Amino acid sequence: MPSSLQFQEIPIGGHFEFRGRRFKKLALSMASDEDRNGTIFLAQTEVGPDPIPLIDPIAPPARPPASNGKSQPTG
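Let me sum up the structure you'll find in this document. Since the model is a prediction, treat every value here as computed from it, not as a measurement.

**Let's talk about unusual backbone geometry**
And then number 1: The phi torsion at Arg19 lies on the positive side, around 50 degrees, for a residue other than glycine.
And then number 2: Tracing the backbone shows Arg19 in the loop between strand 2 (15-18) and strand 3 (21-27).
And then number 3: Positive phi, close to 65 degrees, is recorded for Arg36, a residue that is not glycine.
And then number 4: Following the sequence through the fold, Arg36 ends up in the loop between strand 4 (30-33) and strand 5 (38-40).
And then number 5: Relative accessible area serves as the criterion here: at 74%, Arg36 is assigned to the exposed category.

Next comes the structure, spelled out in structure tokens:
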């Protein structure tokens, strides 16, 4: 991911970092930070990529270890 990009490149609903704070883009020129404070951004404003990596919601969960056919003791 690039080290910086322009605000206009962020899709609406996307997250990004600006001046050490994480924002969510709400409209073409508006975003809100984690405290839900709204901020107006110019399209050419340089922002950073989302500092929190995305977790793929479609990825299947990790599989449990294979069983050897013996029952596990309980209790």
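Picking up where we left off.
**Describing the packing of aromatic side chains**
And then number 1: Counted by the stated rule, this structure contains seven aromatic pairs.
And then number 2: Considering the side-chain rings of Phe7 and Phe16, the 5.5 Å spacing of their centres and the 75 degrees angle between planes classify their relative orientation as edge-to-face. An identical accessibility class is assigned to Phe7 and Phe16; each is buried.
And then number 3: Through pairs of rings, three or more aromatic residues link up here, namely Phe7, Phe16, Phe18, Phe23 and Phe41.
And then number 4: Here the basic side chain of Lys25 rests over the ring of Phe7, its NZ or CZ set 4.4 Å away from the ring centre.

**Quick look at the sheet that holds strand 2**
And then number 1: Pairing is antiparallel in the open sheet, where six strands are placed in the order 1-6-2-3-4-5. Edge positions in the sheet fall to strand 1 (5-6) and strand 5, since each of these pairs with one other strand and no more.
And then number 2: Sheet topology places strand 1 next to strand 6 (residues 46-49); two bridges connect them, and they run antiparallel. Following the sheet pairing, Gln6 is matched in strand 6 by Glu46.

**Looking at the pairing of strand 6**
And then number 1: With two bridges connecting them, strand 2 and strand 6 associate as antiparallel partners. Each bridged residue has a counterpart across the sheet, and for Phe16 the counterpart in strand 6 is Pro49.

Cut-offs and rules
- Residues numbered from 1 in each chain as written.
- Predicted model: local features only at pLDDT ≥ 70, side-chain atom pairs only at ≥ 80, totals over all residues.
- Heavy atoms only, no water.
- Helix = DSSP H or I, 4+ residues; strand = E, 2+ residues; numbered from the N terminus.
- Buried < 20%, exposed > 50% of the residue type's maximum accessible area, 1.4 Å probe, protein only.
- Phe/Tyr/Trp six-rings, centres within 6.5 Å; stacked < 30°, edge-to-face > 60°.
- Lys NZ or Arg CZ within 6 Å of the ring centre and 35° of its normal.
- Pairing = 2+ DSSP bridges.

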